[in-house]
Amino acid sequence: MDGDEVILSMKDIYKEYPKDDEILQVLDDISFDVKEGELVCVLGPSGCGKTTLLRIIAGLVDKTSGSIIVDGEEVTGPGPNRGMVFQDFALFPWRTVQRNVEFGLEIKKIPAEERAKIATEYIHLVGLGGFEKSHPSELSGGMKQRVGIARALANNPHILLMDEPFGALDSQTRNQMQTELLRIQDETKKTIIFITHSVDESVFLADRILILSARPGRIVKEYKIDLPRPRDRGDSDFITIRKSILSDLEQQRKDLL
Amino acid sequence: MAQEYLTTPINKIQRDKWKEHIIKLGYIAISIIALIVTWWAIAVIVDKTYFPTPPEVFEALIQSFDNVPGIGLSMSTQLFSSLERFVFGFLLALITAVPLGLLLGHSKRAEMLFTPAIEIIRPIPPMAWVPLFFLAFGVFFGPILTIFIGAFFPILSNVVFGVKSVDQNLIDASKTFGASRLQTFSKVIFPSTIPHMMTGISVGLGIGWMCIVSAEMIGAKGGGLGFIIQSCYSLSLYDYMFAGMVMVGILGILTALFGKFIENEVAKWMGMK
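Conventions adopted
Residues numbered from 1 in each chain as written. Chains lettered and ligands numbered in written order. Predicted model: local features only at pLDDT ≥ 70, side-chain atom pairs only at ≥ 80, totals over all residues. Heavy atoms only, no water. Helix = DSSP H or I, 4+ residues; strand = E, 2+ residues; numbered from the N terminus. Rg over C-alpha atoms; globule rule 2.2 N^0.38 Å. Contact = heavy atoms within 4.5 Å. Buried area = accessible area lost by both parts, 1.4 Å probe. Salt bridge = Lys/Arg side-chain N within 4 Å of Asp/Glu carboxyl O. Polar contact = N/O pair within 3.5 Å; in protein donor to acceptor, adjacent residues only side chain to side chain. Nonpolar A, V, L, I, M, F, W, Y, C, P; charged D, E, K, R; others polar. Pairing = 2+ DSSP bridges.

K.L.:
Break down the overall build of chain B for me, with residues and values.
P.N.:
On a plain count of helices and strands, chain B comes out with nine helices and zero strands. Each helix and strand of chain B, ordered N terminal to C terminal, gives the series α-α-α-α-α-α-α-α-α. Here the C-alpha radius of gyration of chain B, 24 Å, is well above what a compact globule of 273 residues would show, namely 19 Å. Taken along the three principal axes of its C-alpha coordinates, chain B extends 70 × 60 × 30 Å.

Written as structure tokens, this is what we have:
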């Protein structure tokens with residue numbers, strides 16, 4: 001992993017959709033590149049279109065214009081080179097942890113034995129060893145999202161797309177999961193695009209933060225965070241960056257009024 | 001993190017559960033006793049041959065398993081006839097309503113095409129079909145089709161509802177793994193509808209049971225519980241007529257319990273309970 005190769009490239013992404021009798025502009029002129037192994041946070045107020053942006057990358061939603069290149073190919077729909085982790089987990093309730101993690105491998109028609117082996121590996125990676133036979137309803141929110149991450153990773157995607165994955169968790173679990181995510185990324189070297197509205201979360205996790213404006217979403221600023229990891233939330237550099245981003249967002253809010 | 005928030009069952013919770021069960025059984029017993037006492041009181045007050053007392057009916061019920069006078073068939077034979085018809089008609093409803101429900105829930109066009117016709121047929125009570133079914137299909141298949149009509153619609157509407165209420169996030173999740181439409185259908189949409197299907201089956205069992213009994217009152221090859229009620233009425237064997245009604249009630253409860261049971265078991269098996 002040389003960390004210099006561009007794995008995802010978005011150019012002039014524009015998105016609008018009809019709502020009632022109006023046309024709603026959601027994203028305006030979004031362009032950015034993501035390099036292999038990078039952890040990029042997309043930060044913005046609710047309704048800024050950041051989830052739409054991620055869903056466009058996932059291929060779940062069509063863009064209105066512009067181009068997205070992943071692995072050198074134009075994105076035209078969902079594909080196994082992009083894995084997604086959902087805010088509300090989106091686990092299959094009738095499947096056990098094991099069978100949830102095996103889902104993507106089943107789609108790829110990988111033989112049962114190999115499937116089980118790969119799934120077990122990722123279940124252990126996310127720290128859920130011993131819960132293979134549990135159903136999602138028996139797990140806490142944090143554990144559910146561990147399953148969500150394992151399920152996405154087991155499919156071996158090049159990019160992991162995370163849509164406010166810890167947004168439904170209490171703040172303690174949330175902090176714990178952030179640390180876990182960094183550990184998992186360190187072990188798997190995955191490229192991650194992480195959507196959040198939490199400034200704190202983005203500064204804690206990201207190599208780079210893209211700040212989106214309120215609707216229509218535009219990239220208004222980009223921060224490169226090169227604080228050493230593990231990052232300390234009480235550290236003065238951490239706080240300085242945090243303050244700066246908060247004031248950007250505040251400026252955004254004022255501009256709207 | 002391994003033990004994060006997993007609830008452990010405690011002895012006390014189990015004991016309290018037992019207590020709850022016993023209280024529940026107590027209420028059931030009181031309810032049944034109250035019903036019998038009320039029935040008895042009315043029978044005594046009314047004092048007519050067409051309203052026998054519980055002991056008279058009980059005696060007739062025991063006797064009927066040997067032989068129902070005037071009809072010549074035992075209760076168990078009649079019961080078997082009813083159940084056989086019930087199973088046939090119900091399975092017929094199941095194997096037609098489930099695929100149609102999946103189609104209607106899945107395809108907007110199919111729904112637009114079929115719904116008007118279905119909505120016109122649905123309000124016609126199953127009993128209103130009986131004469132036609134007898135004319136067209138005779139005394140064996142006639143009653144079977146009546147239960148088919150009775151069970152078909154509850155299963156259909158629950159399956160349609162089930163398909164429509166599939167969590168869109170699960171479909172998206174499936175798509176992000178590159179699942180084809182068919183794979184998404186078989187691995188996500190279909191399993192999601194199973195609990196709803198079970199609700200439809202449970203409701204359909206109840207309605208179907210009422211339909212079969214009423215259809216048999218008009219006529220049925222090989223008898224049946226409805227047939228007993230009707231014949232004993234015309235033969236003025238009122239205690240046997242009541243015995244038939246009691247059997248219908250008991251079997252009805254058993255059918256309903258069976259429906260609830262599979263609904264619960266399936267939900268448990270799927271890890272959704």
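K.L.:
Any chance you could break down the interface of chain A and chain B for me, citing the residues and the numbers?
P.N.:
Between chain A and chain B, the contact holds 36 residues from the first and 24 residues from the second. Roughly 2,500 Å² is buried in total at the junction of chain A and chain B, and carbon and sulfur atoms are behind 64% of that figure. At the boundary of chain A and chain B, one finds two salt bridges. Between R55 of chain A and D172 of chain B there is a salt bridge, with the nearest N and O atoms lying 2.7 Å from each other. In this structure, the connection of chain A to chain B is made through four residue pairs in polar contact (both at pLDDT 80 or more). At the level of secondary structure, the elements contributing two or more residues to the side of chain A that touches chain B comprise β6 (82-85), α3 (103-107), α5 (141-154) and α6 (171-188) of chain A. With five residues, the top contributor of residues to the side of chain A that touches chain B is α5 of chain A. Residues of the side of chain A that touches chain B, tallied by class, amount to 16 nonpolar, ten polar and ten charged.

K.L.:
Talk me through the sheet that holds strand β5 (residues 73-74) of chain A; I want residue IDs and the actual numbers.
P.N.:
Residue and element names in this part refer to chain A. Read from one edge to the other, the open sheet built from four strands follows the order β2-β1-β4-β5, with strand pairing classed as antiparallel. Of all strands in the sheet, those bounded by a partner on one side alone are β2 (22-35) and β5. In this structure, strand β4 (residues 65-70) lies alongside β5, joined through two bridges in antiparallel fashion. Note on β5: the bridge partner recorded for V70 is E73.

K.L.:
Any chance you could break down the pairing of strand β10 (residues 219-224) of chain A for me, citing the residues and the numbers?
P.N.:
Residues in a regular strand project their side chains so that they alternate between the two faces of the sheet. Relative to β10 of chain A, strand β9 (residues 208-212) of chain A runs antiparallel, the two sharing five bridges. Each bridged residue has a counterpart across the sheet, and for L210 of chain A the counterpart in β10 of chain A is E222 of chain A.

K.L.:
Give me the side chain of T196 of chain A: which residues, what numbers.
P.N.:
All names here are of chain A. Mapped onto the secondary structure, T196 falls in strand β8 (residues 191-196). Only 2.9 Å separates the side chain of T196 from the backbone nitrogen of S198, close enough to count as a polar contact. In this structure T196 touches V42, L43, G44, K50, E164, R174, E201 and S202, once residues within four positions along its chain are discounted.

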